[in-house]
Amino acid sequence: MSESENRSKNFIEEIIDEDLASGKHDSIVTRFPPEPNGYLHIGHAMAILLNFGLAKNYGGRFHLRFDDTNPVKEEMEYVESIKEDVAWLGVDWGDNLFFASDYFDQLYEWACHLIREGKAYVDDSSAEEIRKMRGTLTEPGSESPSRNRPSEESLDLFERMKTGEFANGEKVLRARIDMANPNLIMRDPVLYRIAHAHHHRTGDKWCIYPMYDFAHGQSDAIEGITHSICTLEFEIHRPLYDWFIQNLPVPHTPRQIEFARLNTTYTITSKRKLLQLVQENHVTGWDDPRMPTISGVRRRGYTPESLWEFTSRGGVAKRNKINDLALMEFCLRQDLENKTLRRMAVLDPLKVIITNLPEDAKESYAGPNHPGNPEMGERNVVLTREIYIERADFMEDPPRKYFRLAPGKEVRLRYACYITCTEVIKDDDGIIIEVHAEMDPESRGGSTPDGRRVKGTIHWASAVENVPFECRLYDNLFLKEDPMEVEEGGSFIDNLNQDSLKVVTGHGEPALAEVKTGDRFQFERIGYFCVDPDTTEDKLVINRSVGLRDSWGKKK
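Residues numbered from 1 in each chain as written. Predicted model: local features only at pLDDT ≥ 70, side-chain atom pairs only at ≥ 80, totals over all residues. Heavy atoms only, no water.

*Asks:* Residues and numbers for the packing of helix α11 (residues 304-314) against helix α12 (residues 325-337), please.
*Replies:* Two elements in contact, α11 and α12, have axes separated by 8 Å at closest approach and are oriented at 135 degrees. Our classification of the angle between α11 and α12 gives oblique. Considering only the axes of α11 and α12, their crossing is right-handed. When α11 is examined against α12, the residues Glu305, Ser306, Leu307, Glu309, Phe310 and Arg313 are found in contact with a partner set consisting of Leu327, Met328, Phe330, Cys331, Leu332, Gln334 and Asp335. The residue inventory of the contact of α11 with α12, partitioned by class, reads seven nonpolar, two polar and four charged. (Axes fitted to C-alpha atoms, helices over the stretch in contact; angles between N-to-C directions. Helix = DSSP H or I, 4+ residues; strand = E, 2+ residues; numbered from the N terminus. Parallel < 35°, antiparallel > 145°, perpendicular 65-115°, else oblique. Left-handed = near helix turned anticlockwise from the far one by under 90°. Contact = heavy atoms within 4.5 Å. Nonpolar A, V, L, I, M, F, W, Y, C, P; charged D, E, K, R; others polar.)

Right under this line is the structure:
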């Protein structure tokens, strides 16, 4: 049983249990409401899986809604990428795909309702003037000269804002709440602003757009959301969320609940900073496998199941905490262990010539596709006179207890035979370029009649019967656990790991000729890898997803 299956209920589940038991709700409805202004990241995965998981576990309904209220920053590219990411995670929204822009007419009518009730007014102040009037945490704000404008005048101006009479920034609609409220969010927040911009769904119908705070809660109410679950940074916005619900004739009264976001070491999730990485070409794009975007980790080789497990182990909490990136890698390693085929490949080749094999020798040996699952079948590996081994698997002057290949030392070539190093060839600079060895003919298949034990087993690839490929070895994008930990005047860019990507040419066993984009497998003794979308008919590109070393497990 995984840790995600063996746990007590979290505080959100306890709230839902109370609401169902009291009869407040017959069933629950949750939602994931992204703004289509960027790609989703692993922090969003937590919110998606939490909301979907709650709806699924309680037999409720899950909505995917795009809060598309800012046409200046939103694009259909982001809408489609978000839908792809959410579906890839295994989340099914069914017929429940919505957009806040679907509700623009209703939101406008509710804004007029607030004006008529004396709870909203059109303000002529500029954004800078509004900021100055807001006050501070220790000083109350000051009222705008427009605050006591008659409702009829505000209604007329609001209608003229809608018809395009005014320029961007010339007027805004504000709620009339309390300029002395200790919560700055409640000091007459802006509800609508003018934006003469083309909207990706409504076109040029509108030139005024609701602010996120105004659209968000009312969209929840329209859709019948019962529990509006969001991250802790929205806790300060909850009084405003509730104020709108209480002062508008909405059909439902959702409850906002906040939980701690998923923070991970060596990672940033700020959309602005991720965009900076893309625009300044520190990465190749939003789906660069070093990026913490869902499309990035998917391309790196992560599985939906591993992210489900990671977010579950991270837990649902009321206080922010930081999860170890090694835990995320552990969850991937654990998921891939039992489902991936085994293959052999050499990434840093050193040529070995088996001198007692004929030059045209091609010996085929069977190797299991998975050592623990015979049902996954076998594949054949081809041994030839010339092979490649990892350079790290040979030492000319090895220390004691070194069990890999060395002069006079015998090792097992996995699935094939025993070889003993007989000669070392160097270039003029003293660099080893080739090793000669002899095979024990009686060891074919990996054992001998005399039953002698060979402690070292190494992987290999034929130097002539192999599949060459470009191998991208990814590492952490940042050097520090907290990328925002910088010297005075510095930037998170200063913490970029300049060695986060190393590209080498690998040589793999013949079975690699059959792989396709997205396939995952374990390179024996190295790690887990996947086929990159850059692969073509003429070029195989493979990404390292995670190494075999279980650093989190050792810490635990």
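*Asks:* Kindly report on the sheet that holds strand β17 (residues 386-390), identifying the contributing residues and their values.
*Replies:* If you trace the seven strands from one edge of the open sheet to the other, you get β21-β18-β19-β20-β14-β17-β22, paired in mixed fashion. On the outer flanks of this sheet lie β21 (457-458) and β22 (461-462), each paired with one strand and no other. (Pairing = 2+ DSSP bridges.)

*Asks:* Can you lay out helix α6 (residues 151-162) for me, pointing to particular residues and giving the numbers?
*Replies:* Between the first and last C-alpha of α6 there are 16 Å, a value that for twelve residues agrees with the 16 Å anticipated at 1.5 Å per step. Remark: Gly164 follows α6 within two positions and exhibits a positive phi of approximately 90 degrees. (Expected span 1.5 Å × (residues − 1).)

*Asks:* Tell me about a positive patch on the surface, and please be specific about residues and values.
*Replies:* Among the surface-exposed residues, Arg400, Lys401, Arg453 and Lys455 lie close enough to one another that they form a single positively charged patch. Tracing the backbone through its elements, the reader meets Lys401 in the loop between β17 and β18 (410-413). (Patch = residues over 30% accessible without salt bridge, like charges linked within 9 Å, V, L, I, M, F, W, Y side chains within 5 Å. Areas by Shrake-Rupley, 256 points an atom, 1.4 Å probe, with all protein chains shown as cover. Salt bridge = Lys/Arg side-chain N within 4 Å of Asp/Glu carboxyl O. Lys, Arg positive; Asp, Glu negative; His and termini not counted. Charge placed at Lys NZ, Arg CZ, Asp CG, Glu CD.)

*Asks:* Can you break down the side chain of Glu524 residue by residue, with the values?
*Replies:* Mapped onto the secondary structure, Glu524 falls in the loop between β25 (520-523) and β26 (527-531). On the accessibility criterion, Glu524 (3% relative accessible area) is buried. Not counting residues up to four positions away in its chain, the partners in contact with Glu524 are Arg342, Arg343, Met344, Arg379, Arg414, Tyr415 and His459. (Buried < 20%, exposed > 50% of the residue type's maximum accessible area, 1.4 Å probe, protein only.)

*Asks:* Could you give an account of the side chain of Ser306, naming the residues involved and the relevant values?
*Replies:* Position of Ser306 relative to the elements: it lies in helix α11. Here the side chain of Ser306 touches Thr303 through a polar contact of 2.7 Å, landing on its backbone oxygen. (Polar contact = N/O pair within 3.5 Å; in protein donor to acceptor, adjacent residues only side chain to side chain.)

*Asks:* Quick rundown of the sheet that holds strand β13 (residues 345-346)? Include the residues and the values.
*Replies:* What the seven strands build is an open sheet, ordered β12-β25-β26-β27-β23-β24-β13; its pairing is mixed. Bordering the open sheet on either side are β12 (341-343) and β13, each of which pairs with just one other strand.

*Asks:* With reference to specific residues and values, describe the packing of aromatic side chains.
*Replies:* Evaluated as defined, the whole model comprises 18 aromatic pairs. Relative to Phe529, the ring of Phe523 has its centre 4.6 Å away and its plane inclined at 40 degrees; by these criteria the two rings are tilted. The same class applies to Phe523 as to Phe529, namely buried. Within the aromatic cluster, the residues linked to one another by ring pairs are Phe104, Tyr108, Phe158, Tyr192, Trp206, Tyr209, Phe214, Trp243 and Phe244. A cation over a ring is seen here: Lys162 above Tyr108, with NZ or CZ 4.5 Å from the ring centre. Taking NZ or CZ as reference, Arg201 lies 3.9 Å from the ring centre of Phe99, over its face. (Phe/Tyr/Trp six-rings, centres within 6.5 Å; stacked < 30°, edge-to-face > 60°. Lys NZ or Arg CZ within 6 Å of the ring centre and 35° of its normal.)

*Asks:* So what's going on with the pattern of salt bridges? Residues and values would help.
*Replies:* Counted according to the given criterion, the structure contains 48 salt bridges. The partner of Lys205 in a salt bridge is Asp105, and the shortest N-O contact between them spans 3.2 Å. In this pair, Lys205 is assigned in the loop between β6 (190-194) and β7 (208-210) and Asp105 in helix α4 (residues 104-116), connecting sequence segments 100 residues apart. Ionic pairing is found between Arg414 and Glu524, a salt bridge with its closest N-O pair at 2.6 Å. In this pair, Arg414 sits in the loop between β18 and β19 (417-426) while Glu524 sits in the loop between β25 and β26, placing the two residues 110 residues apart along the sequence. Here the residues in one salt-bridge network are Asp287, Arg299, Glu470, Arg472, Asp532, Asp534 and Lys539, joined through shared partners.

*Asks:* Give a description of the packing of helix α2 (residues 42-57) against α11 that names residues and reports values.
*Replies:* The relative placement of two packed helices is expressed as an angle between their axes plus a distance between the axes. Where α2 contacts α11, the axes come no closer than 10 Å and their chain directions differ by 85 degrees. When the axes of α2 and α11 are compared, the pair comes out roughly perpendicular. Counted together, Ala45, Met46, Leu49 and Phe52 of α2 and Leu307, Trp308 and Thr311 of α11 form the full contact between these two elements. Class assignment for the residues of the contact of α2 with α11 results in six nonpolar, one polar and no charged.

*Asks:* Tell me about the environment of Gly377, and please be specific about residues and values.
*Replies:* Tracing the backbone shows Gly377 in the loop between β15 (362-368) and β16 (378-384). Given the relative accessible area of 28%, Gly377 is considered partly exposed. The sequence separation of Gly377 and Leu341 amounts to 36 residues, and the corresponding C-alpha distance is 9.5 Å. Apart from residues lying up to four places away in sequence, Gly377 is in contact with Pro368 and Asn369.

*Asks:* Mind laying out the environment of Thr422, listing which residues take part and the relevant values?
*Replies:* By secondary structure assignment, the location of Thr422 is in strand β19. You can call Thr422 partly exposed: its relative accessible area is 45%. Remark: the alpha-carbon pair of Thr422 and Gly408, spanning 14 residues in sequence, is separated by 6.1 Å. The contact partners of Thr422, leaving out residues within four places of it in the chain, are His436, Ala437 and Glu438.

*Asks:* Describe unusual backbone geometry, listing the residues and the values that go with them.
*Replies:* Even without being glycine, Lys401 reaches a positive phi, approximately 65 degrees. For Lys401, a relative accessible area of 63% gives the class exposed.

*Asks:* Outline the pairing of strand β27 (residues 541-547), supporting the account with residue identities and numerical values.
*Replies:* β27 sits mainly inside the fold: five of its seven residues count as buried. Bridge count between strand β23 (residues 467-474) and β27: three bridges; the pairing is parallel. Among the inter-strand pairings, Cys471 is bridged to a residue of β27, identified as Ile542. Strand direction decides the pairing type here: β26 and β27, joined by five bridges, are antiparallel. Bridge pairing in β27 places Phe529 opposite Arg544.

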